[in-house]
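Reading the structure
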Amino acid sequence: MWSINKAALTVVMIAVMVSAGVACTPRIYGIPQDQWVMMDAQERDNAKRAYQERQKMLEQQRLEAEQRRREEAERQRLIAEQRAEEQRRYIEDIYAGRAGVYGDLVRVSVQGGSMDFGDKQRHYQPLTFRIANGESKAVTFERSGERSHATRIIWVVYRDGNLLFDVGEQESKKKYAKRLIYDSSWDRGRTYSNITISGHSVSEARGINITVQVVPLPGYRR
């Protein structure tokens, strides 16, 4: 009876010590070396089994946690893809006049001033484009007066009445963007003059003019 109780007590003691991570001395199967040398064969066998069982349990917990992380990551990826597809279709419907409200589609014209084309400030070809509410768009500016056809890609975002010019790819430099907020003057078209965007922006624009005007397509509700 004593040997059985002693064995059980040994297993419990080993599990507690391994769980608590007692001491930082060299260990054998989770047991401090100085204690290990004082244990008999049965105690060592019990310690080995207890350690292996715990390692097996920890590995199983790790695998289950990793599987849950993978499943959650996949779930989030599918949700993001679904939302992106829904947004893409909604933007298409705005352009087609099947969805949205007045002001959800605007025309943007950029001209004057200069932008950075990799070496220095250069003049560029004026550019006009449309952008819908919820859309992120890459627009390409071409350097003017040169045969090199140098270009500069600028990201523009229009979301909930906020037009952000030069947000950087994936909106990574959003804080440097020029923000234009919707107002009634966009009905007829409003020009924001002599705009400078500096400080780690992509365009490093100097003295440019941006005109914004609402596109009132058929089917829009005001």
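For the structure itself, consult the block above.
Residues numbered from 1 in each chain as written. Predicted model: local features only at pLDDT ≥ 70, side-chain atom pairs only at ≥ 80, totals over all residues. Heavy atoms only, no water.

Moving on to the overall build of the protein. Per the secondary structure count, the protein includes 3 helices and 12 strands. Restricting to contacts in the protein with at least 6 residues of sequence separation, those with at least 24 account for 47%. Carbon and sulfur atoms form 51% of the exposed surface of the protein, whose accessible area is close to 14,000 Å². (Helix = DSSP H or I, 4+ residues; strand = E, 2+ residues; numbered from the N terminus. Contact = heavy atoms within 4.5 Å. Areas by Shrake-Rupley, 256 points an atom, 1.4 Å probe, with all protein chains shown as cover.)

On to the pairing of strand S3 (residues 105-111). Residues in a regular strand project their side chains so that they alternate between the two faces of the sheet. Here S3 runs beside strand S6 (residues 127-132); their pairing, made up of 6 bridges, is antiparallel. Along S6, the bridge assignment pairs Val 106 with Ile 131. In terms of strand pairing, S3 meets strand S12 (residues 208-214) through 6 bridges, oriented antiparallel. Directly across from Val 108, in S12, lies its bridge partner Val 212. (Pairing = 2+ DSSP bridges.)

With 56 residues, helix H3 (residues 41-96) ought to run about 82 Å at 1.5 Å a step, and its terminal C-alpha atoms sit 82 Å apart, in line with that. Buried within H3 we find Glu 43, Asn 46, Ala 47, Ala 50, Ala 65, Ile 91 and Ile 94. Where H3 starts, the residue carrying a side-chain oxygen 3.2 Å from the main-chain nitrogen of Gln 42 turns out to be Asp 40. Phi for Gly 97, located one or two positions after H3, is positive at around 80°. (Expected span 1.5 Å × (residues − 1). Buried < 20%, exposed > 50% of the residue type's maximum accessible area, 1.4 Å probe, protein only. Polar contact = N/O pair within 3.5 Å; in protein donor to acceptor, adjacent residues only side chain to side chain.)

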